Structures are given as structure tokens and as C-alpha cells.
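These are the residues of each chain, in order.
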Amino acid sequence: ALPSDADTMKLRVEEVLLGAGFYEVFTNGFHGTALRDKLGLPEGHVLQSHVQTTNALDRGYGLVKNNCLAQAVEAVGSNIRVGTRPIQMYEWTRTFHPDETAENNVCTERHVVWAIAAGPNELNQWSGEARTTSPWVFKGLIDELATALNIPLQVGPIDSEHPLTECMHPGRSASIQLAGETVGVLGEVHPKITS
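Here is a short report on the structure shown in this document. (Residues numbered from 1 in each chain as written. Predicted model: local features only at pLDDT ≥ 70, side-chain atom pairs only at ≥ 80, totals over all residues. Heavy atoms only, no water.)

Observations regarding the pattern of salt bridges
What counts here: For this document, the term salt bridge refers to a Lys or Arg side-chain nitrogen within 4 Å of an Asp or Glu carboxyl oxygen. Each helix is a run of H or I in the DSSP string that is no shorter than four residues. Each strand is a run of E no shorter than two, and both are numbered from the N terminus. Buried, partly exposed and exposed residues are distinguished by accessible area as a fraction of the type maximum, computed with a 1.4 Å probe on protein chains only: under 20%, between the cut-offs, and over 50%, respectively.
Enumeration according to the criterion identifies five salt bridges in this entry. The closest approach of N and O atoms between E91 and K65, which form a salt bridge, is 3.7 Å. A residue pair is termed long-range when its members are at least 10 positions apart, and E91 in strand β4 (residues 87-98) and K65 in the loop between β3 (63-64) and α3 (69-81) qualify at 26 residues. For E91, a relative accessible area of 2% translates into the label buried. In this structure, the salt-bridge partner of E109 is R94, at a minimum N-O distance of 3.0 Å. Here E109, found in strand β5 (residues 107-118), pairs with R94, found in strand β4; they are 15 residues apart in sequence, far enough to count as distant.

Here you go:
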């Protein structure tokens with residue numbers, strides 16, 4: 001069978017990410033309240049609401065993933081603790097959002113790709129010195145993805161309505177937009193989460 005449009009798109013995205021030195025990882029789709037609380041979001045925030053399992057053997061894994069930031073930061077922390085550097089990882093995953101109006105009367109599902117990096121990520125070809133990962137690295141990735149996918153992805157001002165905005169460093173974050181609609185965020189993770 002010929003690859004579907006989604007398969008072709010995924011291959012193009014992976015070519016860009018792998019070419020930039022990122023490695024694919026797989027994080028757990030279930031977590032507990034301790035990981036959720038690491039984001040420091042106020043009660044009533046949309047990301048505080050999760051699909052919950054009723055039969056989890058370990059209540060530490062009773063919540064279904066509704067965003068990827070907590071797992072991404074946890075993966076970076078695990079790699080730093082064992083001395084892995086540089087850290088550049090991405091994941092194709094799904095998030096689940098409580099929605100009683102959904103076809104299954106439980107939740108809507110979203111397909112997501114996320115990427116995160118920490119530490120020096122590549123050598124500056126002019127000086128030979130390692131460059132520290134910054135939001136500009138991800139701005140460049142968005143430009144490369146827009147070209148590879150032939151879609152009008154752009155980077156714009158941070159969208160105050162996006163659920164992850166409060167988790168990003170103010171002044172060092174932006175929104176990823178497709179045809180004027182916010183489809184993601186990029187930038188530095190807020191220090192309250194990384195400390």
C-alpha cells in the first residue's frame with residue numbers, strides 16, 4: 001500500500017527533527033497527581049482536568065495525559081541525572097481531554113508532536129563553540145517544518161488563551177500559528193517548573 005498523506009507528513013517532520021539532532025522518545029500516557037502538580041497550575045485551569053482511570057492498580061498512574069509538557073520536563077530531568085548531554089528529544093503521542101459531548105461521551109483525542117532540548121545543542125561553525133539551546137533553535141525548526149511540509153507555519157506573539165502559556169517563560173516564548181490559528185507554543189519552560 002502507498003503511504004497515506006499522514007504517513008508522508010510524519011516522515012517529513014521526522015527528517016527535519018532527526019536532521020537537527022533530535023531523538024525519538026516514548027513517555028508514559030498515564031501519570032499521577034504529583035506529576036500534574038509540577039506544572040503549578042491554579043485550581044480550575046483547563047489542564048487540571050483529566051480523564052481518570054477507575055481501575056488503576058497504582059493511583060500514581062490514574063490520570064491520562066492531557067498535555068505533554070510535564071512528561072517532557074520529567075524526561076529531561078531523568079537524562080540530566082544520569083549525565084546525558086546534549087538533550088534533544090521529540091515524541092509523537094496523543095492527549096486526551098474530558099469532553100462529555102464527544103462521540104465516546106468521555107473525551108476528545110488529539111495527535112501531538114512535541115520536542116524539547118536542554119544544554120548545548122550544536123557547534124557554532126564560525127567559532128567552534130557549543131551553542132546553548134534557545135527559543136531561536138525552535139523558531140528555526142518551525143521555519144524548516146513549514147518548508148518541508150509546504151504549509152504556512154509562522155511564529156507569532158504568545159497566545160494568552162493557549163493552555164500552556166502559563167507554563168512558558170514570559171518574554172521567552174511564542175505561539176506557533178497555522179493560517180492565523182494557534183496550533184502550539186515554543187520557548188523556554190517557566191523556571192517554576194524546571195527548578
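On we go from here.
Description of the packing of aromatic side chains
As a reminder of what qualifies: Aromatic rings from Phe, Tyr and Trp, with only the six-membered ring used for Trp, were paired whenever their centres fell within 6.5 Å, and each pair was classed as stacked if the ring planes differed by under 30 degrees, edge-to-face if by over 60, and tilted otherwise.
Taken as a whole, this structure holds one aromatic pair when the rule is applied. For the pair F22 and F138, a centre-to-centre distance of 6.0 Å together with 70 degrees between the ring planes defines the contact as edge-to-face. Placement of F22 in the loop between α1 (5-19) and β1 (23-24) and of F138 in helix α4 (residues 135-149) is noted, with a sequence separation of 116 residues between them. The class for F22 is buried, based on a relative accessible area of 1%. Note on F138: relative accessible area 14%, which makes it buried.

Focus on the side chain of H162
Spelled out, the test is: Polar contacts, as used here, are pairs of N or O atoms within 3.5 Å; protein pairs need one atom able to donate a hydrogen and one able to accept it. Residues neighboring in sequence count only if both atoms are side-chain atoms. Two residues qualify as a contact provided that any one of their heavy atoms is within 4.5 Å of a heavy atom in the partner residue.
Mapped onto the elements, H162 comes out in the loop between β8 (153-156) and β9 (168-178). At 3.1 Å, the side chain of H162 and the backbone nitrogen of L164 are in polar contact. The residues touching H162, leaving out its near neighbours within four places in the chain, are T182, G184 and V185.

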